[in-house]
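# Structural description and commentary
Each chain, written out:
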Amino acid sequence: MGKALFYWTLKRLFKTFWGGICWIDDIKRENMQKIAVALLAIILTLSSCRQKPVHNVVFIVADNITTQHLSRTVDDSTTQYLDSLRSDAIRFTNVFQNTTQRGPLQAILLSGQHPLYNGVFANGLTLLPAKGKRWGGALLKNGYTTGFVGSWIVGDNAGKWSTEQLSHHYGFQEFYRTSLENKPAQTYREEVSRATGFIKDHANDAAPFALFVSLPPLHPEDSLKGDSVLLYVQQGLHHIVQGLKQSGTYDNTLVVLTSAISLDSLHVEEMMLPVGMPTRAPLLLKLPFSKGAGTVREGMLSALDVMPSVLGLLNISVPGIVHGRDLSREIFKNKPYVTASVPWFQFYPDGYRGAIAGNYFFMMEADSAPDHRLLWDVSSPTPMLVSPSNTALNDSLQRDLERKTGQWMQYYEDEAYSPSDITEVKSIYLWSEPLLQNDRYMLPVDELKKLHGNRIMNFHGNNSYE
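These notes cover the structure that comes with them. Quick caveat, the model's predicted, so the values are computed rather than measured.

Cut-offs applied
Residues numbered from 1 in each chain as written. Predicted model: local features only at pLDDT ≥ 70, side-chain atom pairs only at ≥ 80, totals over all residues. Heavy atoms only, no water. Pairing = 2+ DSSP bridges. Helix = DSSP H or I, 4+ residues; strand = E, 2+ residues; numbered from the N terminus. Phe/Tyr/Trp six-rings, centres within 6.5 Å; stacked < 30°, edge-to-face > 60°. Buried < 20%, exposed > 50% of the residue type's maximum accessible area, 1.4 Å probe, protein only. Lys NZ or Arg CZ within 6 Å of the ring centre and 35° of its normal. Polar contact = N/O pair within 3.5 Å; in protein donor to acceptor, adjacent residues only side chain to side chain. Contact = heavy atoms within 4.5 Å. Axes fitted to C-alpha atoms, helices over the stretch in contact; angles between N-to-C directions. Core = buried A, V, L, I, M, F, W, Y, C linked by side-chain atoms within 4.5 Å.

Overall, antiparallel pairing links the five strands, which are arranged β11-β12-β13-β14-β15 in an open sheet. Unpaired on one side and paired on the other, β11 (342-346) and β15 (384-385) mark the two borders of the sheet. For β11 and strand β12 (residues 352-357), the ladder comprises five bridges, and the chain directions are antiparallel. Within β12, the residue paired with Phe-345 across the bridge is Arg-353.

Here it is as structure tokens:
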């Protein structure tokens, strides 16, 4: 409407000015008409320059990849395009997952919301519909052609959305379903083929495209032995980037590459680590025309911040229900983000809360006694429990991180809900079917409040966004 009103006003002013010229003698009239045409051309050029630039988006979540998978390889012939992406991207070295469960992490990346608000606080649950507010919906509203490919497990009955549901509720126009009932998931190779096919189909469209790809753990058909598995993952990512380059869309595409990392259960047992220990996730961000290529950002951020930050880079309004921060401006600064801490949570079947600050992670069991509260050093790939004998460090740092954990819980109205609290409200099977009440989907946090009937605070989202 704003653009239409601008051109209507311009047209009226031009007609008025042109009509006034008719009362002047022929020579003066001809000269003034030429001036008017030149001024109109300048105004139209300036107005077109102010139009929001439009870029394609490819967002990739590759399960269980680490910085090792994204490092430069020796065999340039099979992974040269992945190497090219790595060189052209901004690399983030201090990104933490807010949870280690695959379903909840996928839901956070698609919604930018805390699990008690987006509906997916455990594996097997459904991302609550929010038309125009999820990532696909926000892009669709801004003229994007949206696609959804791969192993997503946040839909009805573990990913079996219908195309109509995805389009209406979540903003995805094209959906390539991979977890069909009574059929095995598609192989890694097929997922990559579907992604490159979408890119090729929409490379020459007038509208930009946005593709969301979730690459699953290797299927038995794809599994190779030894170091070849690493190479296979690299080659899959290589082919997606190759598809962008061969279609001529690479330069004008914003590419996000990250991972859903979970510690192997045996590894956790051997090292006596708690289930769901948070890990750093790789994050590469390739901006259109490789702006900021090859730079490294060490500032701390979390999965909650990815959606709003990318929307900010695209000059698209962040939905008001989003909890993460828009760090799009900070990405170009040379100083780390001003981040006091990152929240961490796990609700079911194990109930933990925590906060990460610097190289330390504090965790506690929900509604637990003080002896179930631990401080970890996460500065190295193998987390180390801080010895209770280190009294000075424990007393000051643990107290500070415990306070920050409490502040995050208060912000999200989390009353230390335990797994038993969750199943007291209703069985986990019923939680997988979102409750619709008065044409509104009930948020888990609202349903859990039925236990006590008290609110810590009213949360209305970040209203400064919209």
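So, about the packing of aromatic side chains. Here a ring pair, both rings aromatic, is described through the centre-centre distance and the interplanar angle of the planes. All chains considered together, the criterion is met by 14 aromatic pairs. On the basis of an interplanar angle of 80° and a centroid distance of 5.4 Å, the ring pair of Phe-172 and Phe-212 is categorised as edge-to-face. Highlighted residues: Phe-172 in the loop between α8 (163-170) and β5 (174-176) and Phe-212 in strand β6 (residues 209-215), separated in sequence by 40 residues. Taken together, a centroid distance of 6.0 Å and an interplanar angle of 15° make the contact between Trp-408 and Tyr-412 stacked. Among the residues examined, Tyr-412 registers a relative accessible area of 3% and is labelled buried. An aromatic cluster is defined as three or more aromatic residues linked by ring pairs; in this entry it consists of Phe-59, Trp-135, Phe-148, Trp-152, Phe-172 and Phe-212. For Lys-245, the ring lying beneath its charged end belongs to Tyr-250, and the centroid distance is 4.4 Å.

What follows deals with the side chain of Thr-99. You can see Thr-99 is positioned in the loop between β3 (95-96) and α4 (102-111). A distance of 2.5 Å separates polar atoms of two side chains, one belonging to Thr-99 and the other to Gln-346.

This part is about the sheet that holds strand β2 (residues 90-92). Strand pairs in the sheet, formed through backbone hydrogen bonds, run parallel or antiparallel to each other. Here eight strands make up an open sheet; going across it, the order is β5-β4-β6-β1-β7-β8-β2-β9 and the pairing mixed. Of all strands in the sheet, those bounded by a partner on one side alone are β5 and β9 (296-297). The sheet contact formed by β2 and β9 spans two bridges and is parallel. Across the sheet, residue Phe-92 finds its bridge partner in β9, namely Arg-297. Where helix α9 (residues 188-202) meets the sheet, it contacts β4 (145-150), β5 and β6, and its direction lies at approximately 175° from that of β6.

Counting buried positions along β12 yields six of six residues, so the element is predominantly enclosed. Residues of β12 alternate between two faces, with Tyr-352, Gly-354 and Ile-356 on one and Arg-353, Ala-355 and Ala-357 on the opposite face, all of them buried. Once β11 ends, the chain turns through five residues before running back antiparallel as β12. The sheet contact formed by β12 and strand β13 (residues 360-365) spans six bridges and is antiparallel. Bridge pairing in β13 places Ala-355 opposite Phe-362. Hairpin connection between β12 and β13: a loop of two residues separates the two successive antiparallel strands, and Gly-358 in this loop has a positive phi of roughly 60°.

Looking now at the nonpolar core. Counting residues in each nonpolar core, the largest one holds 61 residues, and the members touching the most others are Trp-135, Leu-139 and Phe-212. Beyond its immediate stretch of four places on either side in the chain, Phe-212 contacts Phe-59, Leu-110, Trp-135, Leu-139, Gly-147, Phe-148, Val-149, Trp-152 and Phe-172. Counting 29 residues, the second largest nonpolar core, distinct from the first, contains Ile-65, Tyr-188, Val-192 and Val-213.

Right, let's talk about the side chain of Ser-328 for a bit. With respect to the element layout, Ser-328 can be found in the loop between α12 (306-313) and β11. With a relative accessible area of 9%, Ser-328 lands in the buried category. There is a polar contact of 2.7 Å between the side chain of Ser-328 and the side chain of Asp-326. Look past the residues within four positions of Ser-328 in its chain and what remains in contact with it is Ser-309, Gly-312 and Leu-313.

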